[in-house]
Amino acid sequence: MAPPRMKSMKKMKRVETTKSRKHSTQKKINNINLSDITALGGTQEDIDLLQGVEDDRSSEEDTSSVYNSNEAEIKDFIGKLGFSSINPGKPSGENKTESKHSTVQSITKEKTHDTSQQPVDATSESNLKNTKKKKSKKNKFKDQQDIGSSTTAEDNRKVAVFVQNQKQRKYLLVKPGSKWHEDQFQSERQTWEPAPDRLVTTLESLAEKLLQDEIQLYMRGREKQKRGESRWIKTVISSGTLSDKMAAITLLIQEAPVHNLATIETLIGMVKKKGKRESLMAIDTLKDVLISDLLPGNRKLKTFSQHPFLHLDEIASGNKDTKDKRLMLWLFEHKFKQQYTEFLKILQTLTFDNLKTMKVKALRAAYELLISKPEQEKTLLGILINKLGDPDRKVAANCAHLLGQLVEQHPNMKGVVVSEVERLLYRQNISAKAQ
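Conventions used here
Residues numbered from 1 in each chain as written. Predicted model: local features only at pLDDT ≥ 70, side-chain atom pairs only at ≥ 80, totals over all residues. Heavy atoms only, no water. 1 Å grid on protein atoms, 1.4 Å probe; cavity = no way out; pocket = protein on both sides within 12 Å on 5 of 7 lines; lining within 4 Å. Points joined across faces, edges and corners; volume = space filled by probe spheres on them. Helix = DSSP H or I, 4+ residues; strand = E, 2+ residues; numbered from the N terminus. Nonpolar A, V, L, I, M, F, W, Y, C, P; charged D, E, K, R; others polar. Buried < 20%, exposed > 50% of the residue type's maximum accessible area, 1.4 Å probe, protein only. Polar contact = N/O pair within 3.5 Å; in protein donor to acceptor, adjacent residues only side chain to side chain. Contact = heavy atoms within 4.5 Å. Salt bridge = Lys/Arg side-chain N within 4 Å of Asp/Glu carboxyl O. Core = buried A, V, L, I, M, F, W, Y, C linked by side-chain atoms within 4.5 Å. Expected span 1.5 Å × (residues − 1). Phe/Tyr/Trp six-rings, centres within 6.5 Å; stacked < 30°, edge-to-face > 60°. Axes fitted to C-alpha atoms, helices over the stretch in contact; angles between N-to-C directions. Parallel < 35°, antiparallel > 145°, perpendicular 65-115°, else oblique.

Chemist: I'd love a proper account of empty space enclosed by the protein, names of residues and values included.
Modeler: Summed over the entire model, instances satisfying the criterion amount to 1 cavity of 30 Å³ or more. When its volume is computed, the largest cavity comes out at roughly 90 Å³. If you go around the largest cavity, the residues you meet are K167, Q168, R169, Y171, L173, L210, D213, E214, L217 and M328. At 4 residues, helix α8 (residues 197-225) tops the list of elements feeding residues into the lining of the largest cavity. Grouping the constituent residues of the lining of the largest cavity by class yields 5 nonpolar, 1 polar and 4 charged.

Chemist: Go over the side chain of T351 with me, naming the residues and quoting the values.
Modeler: With respect to the element layout, T351 can be found in the loop between α14 (320-350) and α15 (356-372). With a relative accessible area of 1%, T351 lands in the buried category. In terms of polar contacts, T351 uses its side chain to reach the backbone carbonyl oxygen of Q348, at 2.5 Å. Aside from chain neighbours lying at most four places away, what touches T351 is K359, A362, L363, I383, K387 and D390.

Chemist: Pulling in residues and values, what's your account of the pattern of salt bridges?
Modeler: Evaluated as defined, the whole model comprises 20 salt bridges. Ionic pairing is found between D324 and R169, a salt bridge with its closest N-O pair at 2.5 Å. On the criterion of sequence distance, the pair formed by D324 in helix α14 and R169 in the loop between α7 (153-164) and α8 is long-range, its members being 155 residues apart. There is no split in this pair, since D324 and R169 are both buried. As a salt-bridge pair, D213 and K209 come within 2.8 Å of each other at their nearest N and O atoms. On the criterion of helical spacing, the pair formed by D213 and K209 is a turn pair, its members being 4 residues apart in helix α8. Take D213: its relative accessible area is 12%, and that puts it in the buried class. Taken together, the shared-partner salt bridges in this structure form one network comprising R169, K320, D321 and D324.

Chemist: Which residues make up the nonpolar core, and what values do they have?
Modeler: Of all hydrophobic cores here, the largest spans 71 residues; its most connected members are L290, F304, L327, F343, L369 and L406. No other element matches α14, which puts 13 residues into this core. The contacts of L369, once residues within four sequence positions are left out, are K287, L290, I291, L295, Y340, F343, L344, L347 and L380.

Chemist: Break down the environment of T285 for me, with residues and values.
Modeler: Looking at where T285 falls in the secondary structure, it is placed in helix α12 (residues 276-294). We classify T285 as buried; its relative accessible area is 13%. Distance in space between the C-alpha atoms of T285 and L267 is 8.4 Å, their sequence separation being 18 residues.

Chemist: Give me the layout of surface pockets: which residues, what numbers.
Modeler: Roughly 380 Å³ of internal volume is contained in the largest pocket. Looking at the lining of the largest pocket element by element, the count peaks at 8 residues for α8.

Chemist: If you had to explain the side chain of H181 to someone new, which residues and values would you point to?
Modeler: In this fold, H181 is placed in the loop between α7 and α8. There is a polar contact of 3.3 Å between the side chain of H181 and the backbone oxygen of D293.

Chemist: Can you break down α12 residue by residue, with the values?
Modeler: The terminal C-alpha atoms of α12, which comprises 19 residues, lie 25 Å apart, in line with the 27 Å expected from a rise of 1.5 Å per residue. All of the buried residues in α12 are E278, S279, L280, A282, I283, T285, L286, K287, V289, L290, D293 and L294. Elements that come into contact with the buried residues of α12 comprise α10 (242-255), α11 (261-271), α14 and α15.

Chemist: Would you mind going over the packing of aromatic side chains in detail, with residue names and values included?
Modeler: Taken as a whole and assessed by the stated rule, the structure comprises 4 aromatic pairs. Both rings, one in W180 and one in F332, keep their centres 5.2 Å apart while their planes meet at 75°; by these two values the pair is edge-to-face. Of this pair, W180 sits in the loop between α7 and α8 while F332 sits in helix α14, and the two are 152 residues apart along the sequence. Per residue, the accessibility class of W180 equals that of F332, and both read buried. Taken together, a centroid distance of 5.3 Å and an interplanar angle of 90° make the contact between F309 and W330 edge-to-face. Separated by 21 residues along the polypeptide, F309 in the loop between α12 and α13 (312-316) and W330 in helix α14 bring together distant segments of the chain. For the residue pair F309 and W330, the accessibility class agrees, reading buried in each case. Of the aromatic side chains, those joined through ring pairs into one cluster are W180, F332 and F336.

Chemist: Describe the packing of helix α16 (residues 377-386) against helix α17 (residues 393-409), and please don't skip the residues or the numbers.
Modeler: Axis separation between α16 and α17 bottoms out at 8 Å; the angle between their running directions is 140°. For the element pair α16 / α17, the angle class is oblique. Across the interface between the two elements, L381, L384 and I385 from α16 touch C399, L402, L403 and L406 from α17.

Structural data, given as structure tokens:
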């Protein structure tokens, strides 16, 4: 390092040289006349502008000489400050101006890019919203139809958990001793909107759980209150005479048909048995129970999905017991309708039996069901019409007699009977004797 005295002397020399150069340039400017400036097209203002101007070349030479002479000192000074990354040949002011200029350019580019993209984003967002609304409107009806068919394993698991979490009651919702169709459906709506399939499936699972709990509660209560009678009925059904079996089954069905759905199925199974005597007695017993207790007289049976599930709260007035009872009865009706359909198929099969007594018994049961209840009238009428062409004359005559009684009791069915008979006459497989 040079001593401070030497530094001050060098500075003084540089100041003297700059002053002498300024003085020489000032003399040159003063020697210029106004006439010379005007001859070149200038004015007095141009002369004033030249006052105090330094020679650019001398200043550049001066700065270069300073940098060359003090390069070692500048490098040493920068190293002590820790700014080794700064280029000593380039002033920091230029870096700052260039960085500021570049940042301004980038900001302006981003702003222009954003402003150009704004209307596109707005339109795209509006289009997305419109498409979502359209999809949601379309999916409302689609969900109601396909929601049941598109159930996943997770949905089924949730339904199962929901059903299993239903607590079992300690009292019966359907009281024994009354007909299941008498007063439960007086307030039911005549028209309603169809419910989604997934809702129907969930409610059916819930109704199945409610019905099983109701049956178990009924059996336990019967064992406690009527222990002797329940034991006797079990003994009679398992090992009693045929007439006693029919009496015990009839008693159970008349007492509580909803809780004895399995007993109805047992009676239908007895109709299918090969023993003719047992089958004949089962037909009579089941026909009497159907007419007196099980089938409603003013309407047809419905499946579980044909009920107003969306209006269940309105029908039940928000009462949970009433809602559960209605669901349970709807499921019972659905299952009973399936059992009744199976019984009619058995009757139709028995009309082709080799035993004439069996044919006549099946025809008589179909006739009495047809004139008494509106359930499956077309099927029952078809059973009677088909036997008009029976090879046995007595069976055919009996069938014609039954059809005549039907028309007398129900005159409105004359047109239907005539059209069915006409269809029978023009069948391809009908014999000339039957015609």
